[in-house]
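Listed below, chain by chain, are the residues.
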Amino acid sequence: MLIDADSQPLRVLGRTSLFKRMASGRESRVQLMAANVDTLFVVTSCNQEFNLSRLERYLALALDAGVEPVLVLTKADLSDQATLDDLRADATSLRPGMAVVIVDARSADAVARLSPWCQSGRTVALAGSSGVGKSTLVNSLSRAAVQEIGAIRDGDDKGRHTTTARTLHLLSGGGLLLDSPGMRELQLGECATGLASLFGEIEKLACRCRFSDCRHLGEAGCAVAAAAASGELDARRLANYLKLKSEQGQAAEVLVEKQRKDRNSGRTSRSGQRQKRDQNTE
């Protein structure tokens, strides 16, 4: 927002980026999560929590918002070098050229490796499941114990919700760090741009399908299915693409229907108000 010398608003500046998802629960609405973010640190850990399909959800969200995603793999101290190399290779395969940083979130080394994205004038947001070390990372980057840290379960390495609200922290380098509660559910809304960017190789193959409306579910002449059958296309990646594509399509339909109902409700309300005014003037 621009303000004048008397602290009065002159105009509201447009957003440079916007994160949004479908709200959890039964209510069909878009939940706005954060705006004007430059970089999203997608945080996961080097244990059982590491899941490529879950990471693709966060990456689609970031790319749809027009924000640079960086994969941050925490708890590096719990794995040997061979395991870390495999995890880095798997993470890098999700998007060519994307930065993948492996850290022990408790150490000063984490601050050094992530500092290029935390400079003055930059805003970084953290996203990831509970228990992956986001709060520990916030404390290290802030150089202070600003967030409470909780333990994870031994059986599946999942954490509990220690962080319960979004918080904004000023970093020593002048940047801003936005921390959010861990997400048990990240339901994508209208995210066609993000999915197309993340799964570009599948979108390119789809242009070679016999039918323009091919769903890639076994239709004749499907180039995508043929690539998966030959091993050219990773079967897991295709399955997740189809799942996310279906999910965002359903979300788009739900939102369109909600908008239609809201318009009809508005018309009904205005009609009732007019009838009431007419009766009062009789």
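Residues numbered from 1 in each chain as written. Predicted model: local features only at pLDDT ≥ 70, side-chain atom pairs only at ≥ 80, totals over all residues. Heavy atoms only, no water.

*Asks:* Looking at this structure, I do not really get helix α7 (residues 223-230). What am I missing?
*Replies:* Since the α-helix turns once every 3.6 residues, residues separated by three or four places project in the same direction. Burial in α7 covers these residues: A223, V224 and A227. Down the axis of α7, the sector holding all buried residues measures 105°, keeping them to one side. The positive-phi residue at the C-terminal boundary of α7 is G231, with phi of around 90°. (Buried < 20%, exposed > 50% of the residue type's maximum accessible area, 1.4 Å probe, protein only. Helix = DSSP H or I, 4+ residues; strand = E, 2+ residues; numbered from the N terminus. Arc of directions from axis to C-beta.)

*Asks:* Would you mind showing me how to read the nonpolar core here?
*Replies:* Among soluble globular proteins, nonpolar side chains are generally buried collectively. Counting 48 residues, the largest nonpolar core has F19, L40, L71, L73 and V224 as the members making the most contacts within it. Take this core: its biggest share by element is nine residues, from helix α1 (residues 52-65). Once residues within four sequence positions are removed from consideration, L73 is found in contact with T44, C46, F50, L87, V100, V101, I102 and V103. Listed in part, the 20 residues of the second largest apolar core include A110, V111, C118 and L126. (Core = buried A, V, L, I, M, F, W, Y, C linked by side-chain atoms within 4.5 Å. Contact = heavy atoms within 4.5 Å.)

*Asks:* Would you mind showing me how to read the pattern of salt bridges here?
*Replies:* Oppositely charged side chains can pair when the atoms bearing their charge come close. Applying the stated criterion to the full structure yields 11 salt bridges. In this structure, R54 and E49 form a salt bridge, with 2.8 Å as the shortest nitrogen-oxygen distance. Linking E201 and R237 is a salt bridge whose minimum nitrogen-to-oxygen distance equals 2.5 Å. Here E201, found in helix α6 (residues 200-206), pairs with R237, found in helix α8 (residues 235-281); they are 36 residues apart in sequence, far enough to count as distant. On the basis of relative accessibility, which here comes to 32%, the residue E201 falls in the partly exposed class. (Salt bridge = Lys/Arg side-chain N within 4 Å of Asp/Glu carboxyl O.)

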